[in-house]
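# Examination of the molecular architecture
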Amino acid sequence: MTDNIAVSAKNLYKVFGRRPHEAVERLKNGASRDEISDLGTAAVIDASFDVHQGEIFVVMGLSGSGKSTLIRMLNGLWDTTSGSVTVGGDLITGISAPKLRDVRRRHISMVFQHFALFPHRSVLENAAYALEVQGVPRDERLARAQKTIDLVGLKGWGEKMPSQLSGGMQQRVGLARALAADTDVLLMDEAFSALDPLIRREMQEQLLELQHELGKTIIFITHDLNEAMFLGDRIAVMRDGRIVQIGTPEDILTDPANDYVEQFVQDVDRARVLTASSVMEPARSTVLAGAGPRAALKTMRDLQTSTAFVLGRDRKLQGVVRDADAMKLVRKGVTDLSSILSDDFNAVQEDTSLSELFVPSVESPLPLAVVDANGRLVGVVPRVTLLAALGNVTTDTGDIQILEPRLTVPSAVITDALASSDSDSSVKEDAR
Ligand code: ADP
Ligand code: MG
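Residues numbered from 1 in each chain as written. Chains lettered and ligands numbered in written order. Predicted model: local features only at pLDDT ≥ 70, side-chain atom pairs only at ≥ 80, totals over all residues. Heavy atoms only, no water.

### Structural notes on the site of ligand 1
- Close to ligand 1 lie 13 residues; Gly64, Gly66, Lys67, Ser68 and Thr69 are nearest.
- One of the side-chain nitrogen or oxygen atoms of Lys67 is found 2.8 Å away from an oxygen atom of ligand 1.
- The separation between an oxygen atom of ligand 1 and a polar side-chain atom of Thr69 is 2.5 Å.
- In the complex, the protein chains occlude 61% of the 560 Å² of accessible area that ligand 1 would expose alone. (Near = heavy atom within 4 Å. Polar contact = N/O pair within 3.5 Å; in protein donor to acceptor, adjacent residues only side chain to side chain. Areas by Shrake-Rupley, 256 points an atom, 1.4 Å probe, with all protein chains shown as cover.)

See the structure below:
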């Protein structure tokens, strides 16, 4: 695992103030942040984590929790009071200034909240700035900057001046400038926080696309949990200088480490974070294609549901059958399901986000079928489950259950039909 670590932080401390080292000693011996406040402000306390290559690692916390200080230690803008940072396997703590500049130039670029564009330079020249600092010849740097201008969606805007661009577009220039430097690691400190919500959403989506395309390692800082959840492969939650939890968005949402994280989590837009696989339930109403109408009908009766998913031997989803149709076949003595097999249901992939489940869920009263890449049924999402996941409410309230399709043929009638139909010796009633 060690070879794919892009950035590693080990027991980082940063204390601003008169006696920072003494403050760290006391923190290490168990003193609280408040207890050492006369020695200085403990902005970061004992932070350790590894960021993997190609990962989006989000640092999230309220204002003043130490996020900016932490990220500035990762690229050496701040010294650490204690602890060490490695970037691309190279220790950057305590190295000389020229060496540090070199690491920064080759490995890390930074995008700030206030884009810091040069007002009298064109968009293209702004994007080429980092390359200019690196001494890349003019033609080459403009060509490379043009590519990243196109990448961030500003094709045709290269000759404009920053003042002619909206805030969102200016931030795209900031991003293009960081990408032009072609470093493996991007540090983004509240890069989207000043943007309007809709523009911000667009930028988040674009960042994910770019990351997918370019495979950069991104360390992204935000005080917004929704943004953290949407972007982060993993999220580190900071409070009062300490990292209080590191986990995937789902870990943090479903298993918050403490009250502080839980408070944060309460108003997150769960629909964008959770996926079908995280809320699905086992598919109980299923029948193997070869088992026939009697088995299907019995399953539906036992589960009191009007439909059953029909699976091939490999669990591949073939279709759905309804109780009334199966009933007819049983009465006629037909032993093959294929004539009543229907595709009148919606299937979604395991990684489909909840927000993308609404429409299919509303289109069909049946539970959504969740299938894997091979088309095998791995679970179902009944509407009640979807609603419950969004509201984080319990599902056992009678009124919500009514939304689920219930058996349309009375159980007793089914039982009668199963008993009185010509029993076909080749099809066992309880065939599975
Ligand atoms: P965040 O980015 O999460 O808002 P910061 O890292 O900027 O938090 O700040 C963390 C704490 O460190 C705050 O209490 C802040 O006042 C303090 N701090 C940050 N920078 C300095 C500095 N240069 N000098 C003194 N205190 C600072
Ligand atoms: Mg900050």
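### Some words on the sheet that holds strand 9 (residues 234-239)
- One open sheet accounts for six strands, arranged 6-7-8-3-9-10; its pairing is mixed. Across the chains shown, the open sheet's two edge strands, defined by having one partner strand only, are strand 6 (108-111) and strand 10 (242-247). Taking the axes of each pair of neighbouring strands and ignoring which way they run, one obtains an average angle of 20 degrees across the sheet.
- In this structure, strand 7 (residues 185-189) lies alongside strand 8 (residues 217-222), joined through five bridges in parallel fashion. Among the inter-strand pairings, Leu187 is bridged to a residue of strand 8, identified as Ile219.
- Running at roughly 175 degrees to strand 6, helix 7 (residues 167-180) makes contact with strand 6 and strand 7 of the sheet. (Pairing = 2+ DSSP bridges. Helix = DSSP H or I, 4+ residues; strand = E, 2+ residues; numbered from the N terminus. Axes fitted to C-alpha atoms, helices over the stretch in contact; angles between N-to-C directions. Contact = heavy atoms within 4.5 Å.)

### Side note on the pairing of strand 3 (residues 56-61)
- Within strand 3, six of the six residues are buried, which leaves it mostly tucked inside the rest of the structure.
- As defined by bridge partners, strand 3 adjoins strand 8 across five bridges and the pair is classed as parallel. Bridge assignment links Ile56 to a residue of strand 8, and that residue is Ile218.
- Examined bridge by bridge, strand 3 and strand 9 share five bridges and lie parallel to one another. Bridge pairing in strand 9 links Phe57 to Arg234. (Buried < 20%, exposed > 50% of the residue type's maximum accessible area, 1.4 Å probe, protein only.)

### Some remarks on the packing of helix 7 against helix 8 (residues 197-214)
- Two numbers describe how helix 7 lies on helix 8: the axes approach to 11 Å, and their chain directions differ by 20 degrees. Judged by the angle between their axes, helix 7 and helix 8 are roughly parallel. Here the hand of the crossing between helix 7 and helix 8 comes out right-handed. Listed contacts from helix 8 to Gly168, Gln171, Arg172, Leu175 and Leu179 of helix 7 are Ile199, Glu202, Met203, Gln206, Leu207, Leu210 and Leu214.
- Looking at the contact of helix 7 with helix 8 residue by residue, the classes come out as seven nonpolar, three polar and two charged. (Parallel < 35°, antiparallel > 145°, perpendicular 65-115°, else oblique. Left-handed = near helix turned anticlockwise from the far one by under 90°. Nonpolar A, V, L, I, M, F, W, Y, C, P; charged D, E, K, R; others polar.)

### Thoughts on the sheet that holds strand 13 (residues 317-322)
- Taken together, the three strands give an open sheet; going across it, the order is 11-12-13, and neighbouring strands pair in mixed fashion. Edge strands, defined here as strands with exactly one partner in the open sheet, are strand 11 (286-288) and strand 13. Ignoring which end each strand starts from, the neighbouring axes of this sheet average 35 degrees apart.
- Relative to strand 12 (residues 307-311), strand 11 runs parallel, the two sharing three bridges. Of the residues in strand 12, the one forming a bridge with Thr286 is Phe309.
- Sitting on the sheet, helix 14 (residues 292-303) is in contact with strand 11, strand 12 and strand 13, with an inclination near 165 degrees to strand 11.

### Considering the confidence of the model for the protein chain
- For the protein chain, the mean per-residue pLDDT works out to 88, and 93% of the residues sit at or above 70.
- Here residues 394-403 is modelled with pLDDT under 50, and outside its nearest four sequence neighbours on either side it reaches six contacts, counting other chains as well.
- Taken as a whole, residues 424-432 scores under 50 in pLDDT and shows 13 contacts with residues more than four places along the chain or in a different chain. (pLDDT = per-residue confidence, 0-100.)

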